[in-house]
Amino acid sequence: MIEKTDISAPPVLSLVVPMFNEAGNLDTLFARLTQVMADLGESYEIVCIDDGSKDDTVARVLEHRQRDPRIKVVELSRNFGKELALTAGLHHTSGQAVVMIDADLQHPPETIKEMMAKWRDGYEMVIAVRRDREQETAFKRLASKAFYEMFGRVSEVQLPPGAGDFRLLDRKVVDVLNAMPEHARFMKGLYAWVGFKQTIIPFDVADRAHGETKFNLFRLWRLAIDGITSFTSVPLKVWTFIGSLVASFALLYGLLFIVKTLILGIDVPGYPSLIVAITFFSGVQLISLGVIGEYLGRVFSEVKNRPLYVVRSAHGCRREVDKG
Ligand code: UDP
Ligand code: MG
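What counts, and where the lines are drawn
Residues numbered from 1 in each chain as written. Chains lettered and ligands numbered in written order. Predicted model: local features only at pLDDT ≥ 70, side-chain atom pairs only at ≥ 80, totals over all residues. Heavy atoms only, no water. Helix = DSSP H or I, 4+ residues; strand = E, 2+ residues; numbered from the N terminus. Buried < 20%, exposed > 50% of the residue type's maximum accessible area, 1.4 Å probe, protein only. Contact = heavy atoms within 4.5 Å. Areas by Shrake-Rupley, 256 points an atom, 1.4 Å probe, with all protein chains shown as cover. Lys, Arg positive; Asp, Glu negative; His and termini not counted. Charge placed at Lys NZ, Arg CZ, Asp CG, Glu CD. Expected span 1.5 Å × (residues − 1). Pairing = 2+ DSSP bridges. UniProt positions renumbered as here; feature names shortened; annotations may be inferred. Donors = N, O, S within 2.8 Å, 3.2 Å for Na, K, Ca; no water. Salt bridge = Lys/Arg side-chain N within 4 Å of Asp/Glu carboxyl O. Axes fitted to C-alpha atoms, helices over the stretch in contact; angles between N-to-C directions.

*Asks:* Explain the overall build of the protein chain here, please?
*Replies:* Along its length, the protein chain carries 10 helices and 8 strands. Taken over the C-alpha atoms alone, the protein chain extends approximately 90 × 40 × 35 Å along its principal axes. Among the 324 residues that make up the protein chain, the fraction classed as buried is 44%. Nonlocal contacts in the protein chain, meaning residues at least 24 apart in sequence, comprise 85% of its contacts between residues at least 6 apart. Carbon together with sulfur atoms contributes 64% to the accessible area of the protein chain, which is approximately 17200 Å² in total. Separation between the mean location of the 39 positive side-chain charges and that of the 39 negative ones in the protein chain comes to 3 Å.

*Asks:* Would you take a moment to explain helix α9 (residues 234-264) for this structure?
*Replies:* An α-helical turn contains 3.6 residues, so a residue and the one three or four places further along point in the same direction. Compared with the 45 Å implied by 1.5 Å per residue over 31 residues, the 44 Å span of α9 between its first and last C-alpha is a close match. Count one or two residues on from α9 and you reach G265, which has phi positive near 80°.

*Asks:* Where do I start with the pairing of strand β5 (residues 125-130) in this structure?
*Replies:* Note on strand geometry: in a regular strand, side chains alternate between the two faces of the sheet. Of all 6 residues in β5, 5 are buried; the element is thus mostly enclosed. As judged from the 4 bridges shared by β5 and strand β6 (residues 163-170), these two strands associate in the antiparallel manner. Bridge pairing in β6 links V126 to L168. Bridge count for β5 against strand β7 (residues 198-203) is 6 bridges, and the pairing is parallel. Paired with I127 across the two strands is I200, which belongs to β7.

*Asks:* What is the right way to read the UniProt feature "transmembrane region" (unreviewed entry) in the protein chain from this model?
*Replies:* UniProt records the feature "transmembrane region" (unreviewed entry) at residues 238-259 and 271-296, using the numbering of this structure. End C-alpha to end C-alpha, residues 238-259 measures 32 Å, and it is 100% helix and 0% strand.

*Asks:* Looking at this model, I keep getting lost on the coordination of the magnesium ion (ligand 2). Mind explaining?
*Replies:* Octahedral metals with six donors have ideal donor angles of 90 or 180 degrees. Tetrahedral metals with four donors have an ideal donor angle of 109.5 degrees. For the magnesium ion (ligand 2), the full set of protein donor atoms is D104 (OD) and Q106 (OE1), and the range of their distances to it is 1.9 Å. Using a relative accessible area of 3% as the deciding quantity, one classes D104 as buried. Taking the relative accessible area as the measure of exposure, Q106 reaches 23% and is therefore partly exposed.

*Asks:* How do you make sense of the pattern of salt bridges when you look at a structure like this?
*Replies:* Should their charged atoms come close, side chains of opposite charge can pair. By the definition in use, this model includes 13 salt bridges. R60 serves as the salt-bridge partner of D27, at 3.1 Å between the closest nitrogen and oxygen. Highlighted residues: D27 in helix α1 (residues 26-40) and R60 in helix α2 (residues 57-67), separated in sequence by 33 residues. Judged by relative accessible area, D27 falls into the partly exposed class, the value being 41%.

*Asks:* Mind showing me how you'd approach the sheet that holds β5 here?
*Replies:* In a beta sheet, neighbouring strands are held together by backbone hydrogen bonds and run either parallel or antiparallel to one another. Ordered in space as β7-β5-β6-β4-β1-β2-β3-β8, the 8 strands form an open sheet in which the pairing is mixed. Edge positions in the open sheet fall to β7 and β8 (311-315), since each of these has one partner strand only. On average, each strand axis in the sheet is inclined to that of its neighbour by 20°, with strand direction left out of account. Sheet contacts for helix α3 (residues 82-91): β1 (13-19), β2 (44-50), β3 (71-76), β4 (97-100) and β6; angle to β1, the most-contacted strand, approximately 150°.

Pasting the structure below:
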C-alpha cells in the first residue's frame, strides 16, 4: 500500500528512528518526542523505519500515524540491520536538518533541543557523545576502546570515541551521504569521511526502556570488520611486511641450522620446534587468507550492485532519493 505522497512544504526537522522489535517502547517514545518538538516549536516529521520487526511494531506505529500524520513509516521487507535502516531513513527524509535517534529511549530526546541550538549556530553536524558507558560490561567497554584506538591508527578518518548514531545532520550532509553508493555501510565512518563543520555535545546514555539490545558479540564483530575494511586497506598490505619478516627470519634460522650441522653434526631432536613452526605459520597463512577474503567479499558485494534495502511500503514519505 503506497499512500498519496505528501505535498506540503518540507519540515525544518526530520527525525529518523530505526525500529527492530520495539513495540513496547513506542508510546513513551512518541510522547517524549512530541513533547520535545512542542517545546522547540519547529515543523517536523518523524520517519520511522521498520527493519523487519517480528512483533507488532508496524501496526503500533501506524496507529500513532492515524493520530499524528507527521509520523511517517517506511517498512523494509526484512531485517537489513541498523546501518541500512538508517540509510533508508536518510533517503526518506526531507527536513533541512535530520536527527537520528534510537527507538529504545537510550538517546534522551531532550538532547535534540541542544542539537538544534548548535545547528542554528551554523554547525552542519552535531554529534552527541556518550558521557559514560557504565551500564556496559567491562569486556564490551574494553573491546570498543581497543577498536576505536586501532581504527584511529590505521584508517584515514578519525572517529570521536563515544560517538554513535545519535546526531544531527544538515541537509547538505544528508545529500552527500545519500549520494554514496557503497553497500557495506559503516555509518560512523561515513559521517567522519564527509567532513563539514562538526561539533560535539555530551549526553548520558539511559537504560534501554523495553526489550533487549539487538547487538550481540557476533554482530559487533561484523560491524568492526565492516568498519575497518571499508576505511583502510592496511590489513591487506600488512601481510607483505609480515611475510617478508617471517621469511627473513626463516632464512636466518636455516643458515644457523646449516652452520650448526657442519660444526656439531646431525642431532635427531628438533621435532617439537618443527611442529610449532608449522602450526604457527599455517595460522599466519590462514589469517592472511581470511583478510584477503574479507576484502574480496566486499568487492563481490559491491560488484553485484543490488539495492541496499527493499521497501515493502512507505506511508506518507515525501521523497525517496535514488538508491544508487
Ligand atoms: N535496530 C534496527 N535494526 C537492527 C538492530 C537494531 O533498526 O537490526 C535499531 C533498534 O530498534 C534501536 C537501534 O537500532 O532503535 C539501536 O539498537 P539497540 O538498542 O539494540 O543497540 P544498542 O543500543 O545496544 O547499541
Ligand atoms: Mg539501545
